[in-house]
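# Inside the fold
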Amino acid sequence: MEAKPTADAALAPPFDSLGQLLPSAARRWAGRTALVTDERSLTFDELDRLASRLAHALSARGIGFGDRVSLMSQNRWEWIVAYHGVLRCGAVVNPLNVMLTGEELAYILRDSGAKVLLASGERLEAVGAVLGSVRSLERVITFDDLGTQSESFESLLASADDTPFEPVSVDPKSLACIAYTSGTTGHPKGAMQSHLSVVLNCAYTATMHVRTTDDVVVTALPSAHVYGNVVINSTWMAGGRVVLMARFDPEGAIRRIEQHGATMFEGVPAMYATMLATPNLAEADLSTLTRSTVGGQTVAESVIDAWEARTRAPLIELWGMTELSGLGSTHALYAPNVHGSIGVVLPGNELRVVSTEDGVTECRPGEPGELVARGPLVTLGYHNDDEATAEAITPDGWLHTGDVATHDGAGRFFVVDRLKDMILTAGYNVYPAEIERVLIGHPSVALVAVGREPDPVKGETAHAYVVLAPGSATGADELIDYCRQRLAAYKIPRAIHFVDQLPTTSSGKLMRRMLRQSAAPLS
């Protein structure tokens, strides 16, 4: 069964700032269920009222236009209410990764100039000791009861005015969010996202994937991540329902798809690989799914094929980044779904593949180069970092993404890998994602990641870290031979390391730089 567009989905969103998103949805679909978590289900009207109360509470405490408010917790309904309440009173949201260390948290709070932090009790107990060093921070509000240590989110809402809070009028091109990217070296950079860029990204995503009022979307993507944010808000633009998992686990995801009759599942490649390797998948009823999406990292075509065969519905690849407020490209639902391709650029924007040597010359079809983007989705720049902004964005507006890609000359793009992850072995360029796509095709491999290791002769070599599927006993020699039949000699991994799990970010992306720590010491 395919999703069918409705009249509601065809309407352009009647707003141009994020603070207007929930009020608009509540006017159109007041009594429809908008959000389902393990703790609570909320209609559009209930969400809107809660966000309004929070806006009143923040405004009464002196928070208004342009003030920075940070959010830090796992997925939960309170985070969603806080996000929309902050935006409604004209403040700027600073979504935080739950995996931040105390030192990283303190840096971001200082750099962003955060006045308020709303966080889970779990995170405050873990990293809250650093908060005293942040001079700009005036108030800490916790989603959980921590006694006298901080202000309670529940009491804050209970004491707030219950009259509707009219969203503060803002310029659509003004700052809405400062989202810090996790760098491999140095401090994280705060990508500044405008109201326009986020609203457009959600609207274009809803359109390309044909979201409707009939959709029920199951996701465990972190709300603080741009992919998770777009999944939630683009669904609400069309009046659909979001079933939000606090954390991903394969059995739980499969159970929720069945329980809620989900029409969509949205996640990163590792989520699909682990669900496919889960024994209870064989008995699961996934017949309500009409499409799924996958992004965040390159995905093996074998994973796409297996998921589509199991669900009888398309798995749509997409590509994006924090600096684009979410997606930059994807396939339209009713267009050809070319496996291995990240699709076409979102409307009103541009993508090109340019030479990695000069950053300007456009590459021919099939020729690898760096993917660059231009248009209204591109970040306003990096907060307090003009040098990084100038390095990333050219004077004529092209954003250097750091992704190696090709194009087919017909508007479709194909990501090869991250430029910084490329392995230079004996003068040859080796892309970890290419090796990963081969190894995940082996029936005994549940998850795989490839990293670099120094080599006295070749400079660097590729090492593969493999999580075997349940019940498998495949050896390293068999996997090396499997690669030898499918890859050029210089691309074959020098070693296979069997591990119980792979290091990932909070959004489920593989952290290749941490692979060495996941295995026994290398000889």
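For the structure, check the block above.
Quick caveat: nothing in here was measured; it's all calculated off a predicted structure.

### Things to note about the overall build of the protein chain
In terms of regular secondary structure, the protein chain is built from 15 helices and 25 strands. In the protein chain, the proportion of contacts linking residues at least 24 apart, taken out of those at least 6 apart, comes to 66%. Roughly 21,300 Å² of accessible area belongs to the protein chain as shown, and the carbon and sulfur atoms make up 50% of that amount. Charge-centre separation for the protein chain: the mean point of 43 positive side chains lies 1 Å from the mean point of 61 negative side chains.

### Looking at the packing of helix α11 (residues 269–276) against helix α12 (residues 301–311)
It is the contact of α11 with α12, at a shortest axis distance of 10 Å, that shows an interaxial angle of 55 degrees. Here α12 runs oblique to α11, going by the angle between their axes. In this structure, α11 crosses over α12, and the sense of that crossing is left-handed. Where α11 abuts α12, its residues Tyr272, Ala273, Met275 and Leu276 lie against Val303, Ala306 and Trp307.

### With respect to the sheet that holds strand β24 (residues 459–468)
The strand order β23-β24-β25 describes an open sheet built from three strands, whose pairing is mixed. Among the strands making up the open sheet, the edge pair consists of β23 (445–455) and β25 (495–498). Strand-to-strand twist across the sheet, computed as the mean angle between neighbouring axes with direction ignored, equals 30 degrees. Sheet analysis places β24 next to β25, joined by four bridges and oriented parallel. By the bridge assignment, histidine 463 is partnered in β25 with alanine 495. With respect to the sheet, helix α14 (residues 432–439) is in contact with β23, β24 and β25, its orientation differing from that of β23 by roughly 145 degrees.

### Details of the sheet that holds strand β2 (residues 41–43)
In spatial order, the strands read β2-β1-β11-β10-β12-β13-β14-β15-β16; together these nine strands make up an open sheet with mixed pairing. Since the sheet does not close on itself, it has two edges, and those belong to β2 and β16 (344–345), each with one partner. With four bridges connecting them, strand β12 (residues 264–267) and strand β13 (residues 291–294) associate as parallel partners. Of the residues in β13, the one forming a bridge with phenylalanine 265 is serine 292.

### Notes on the nonpolar core
Ranked by internal contacts, the top residues of the largest apolar core, which has 137 residues, are Leu47, Tyr83, Leu118, Phe153, Trp236, Phe265 and Leu502. Non-local contacts of leucine 118, meaning those with residues more than four positions away in its chain, are made with Val69, Ser70, Leu71, Met72, Ala82, Ile141, Phe143 and Phe153. Leu100, Ala106, Leu124 and Leu131 belong to the second-largest nonpolar core, a separate cluster that totals 21 residues.

### With respect to unusual backbone geometry
With a phi close to 55 degrees, arginine 312 is a non-glycine residue in the positive phi region. With respect to the element layout, arginine 312 can be found in the loop between α12 and β14 (315–321). Using a relative accessible area of 77% as the deciding quantity, one classes arginine 312 as exposed. Even without being a glycine, asparagine 384 presents a positive backbone phi close to 60 degrees. As for its position among the elements, asparagine 384 is in the loop between β18 (369–374) and α13 (386–392). Residue classification places asparagine 384 among the exposed residues on the basis of a relative accessible area of 58%.

### A short note on the pairing of strand β1 (residues 33–36)
Direction of pairing for β1 relative to β2: antiparallel, over a ladder of three bridges. Of the residues in β2, the one forming a bridge with leucine 35 is leucine 42. Where β1 folds back on β2, the antiparallel hairpin that results is connected by four residues. Sheet analysis places β1 next to strand β11 (residues 241–244), joined by two bridges and oriented parallel. In the strand pairing of β11, leucine 35 is matched with valine 242.

### Examining the environment of isoleucine 108
On the secondary structure map, isoleucine 108 appears in helix α5 (residues 102–112). Along the chain, isoleucine 108 and tyrosine 180 lie 72 residues apart, while their C-alpha atoms are 7.6 Å from each other.

### Thoughts on the pattern of salt bridges
One pass over the full model with this rule turns up 21 salt bridges. Here aspartate 48 and arginine 88 are joined by a salt bridge, their closest N and O atoms 2.4 Å apart. Remark: arginine 88 occurs in helix α4 (residues 77–88) and aspartate 48 occurs in helix α3 (residues 44–60); sequence separation between them is 40 residues. Owing to a relative accessible area of 14%, aspartate 48 belongs among the buried residues under this scheme. Since its relative accessible area comes to 2%, arginine 88 is described here as buried. Between glutamate 266 and arginine 211 there is a salt bridge, with the nearest N and O atoms lying 2.7 Å from each other. Residue glutamate 266 is found in strand β12, and its partner arginine 211 is found in the loop between α8 (195–208) and β10 (216–219); the two are separated by 55 residues along the sequence. For glutamate 266, a relative accessible area of 0% gives the class buried.

Reading guide: rules and limits
- Residues numbered from 1 in each chain as written.
- Predicted model: local features only at pLDDT ≥ 70, side-chain atom pairs only at ≥ 80, totals over all residues.
- Heavy atoms only, no water.
- Helix = DSSP H or I, 4+ residues; strand = E, 2+ residues; numbered from the N terminus.
- Contact = heavy atoms within 4.5 Å.
- Areas by Shrake-Rupley, 256 points an atom, 1.4 Å probe, with all protein chains shown as cover.
- Lys, Arg positive; Asp, Glu negative; His and termini not counted.
- Charge placed at Lys NZ, Arg CZ, Asp CG, Glu CD.
- Axes fitted to C-alpha atoms, helices over the stretch in contact; angles between N-to-C directions.
- Parallel < 35°, antiparallel > 145°, perpendicular 65-115°, else oblique.
- Left-handed = near helix turned anticlockwise from the far one by under 90°.
- Pairing = 2+ DSSP bridges.
- Core = buried A, V, L, I, M, F, W, Y, C linked by side-chain atoms within 4.5 Å.
- Buried < 20%, exposed > 50% of the residue type's maximum accessible area, 1.4 Å probe, protein only.
- Salt bridge = Lys/Arg side-chain N within 4 Å of Asp/Glu carboxyl O.

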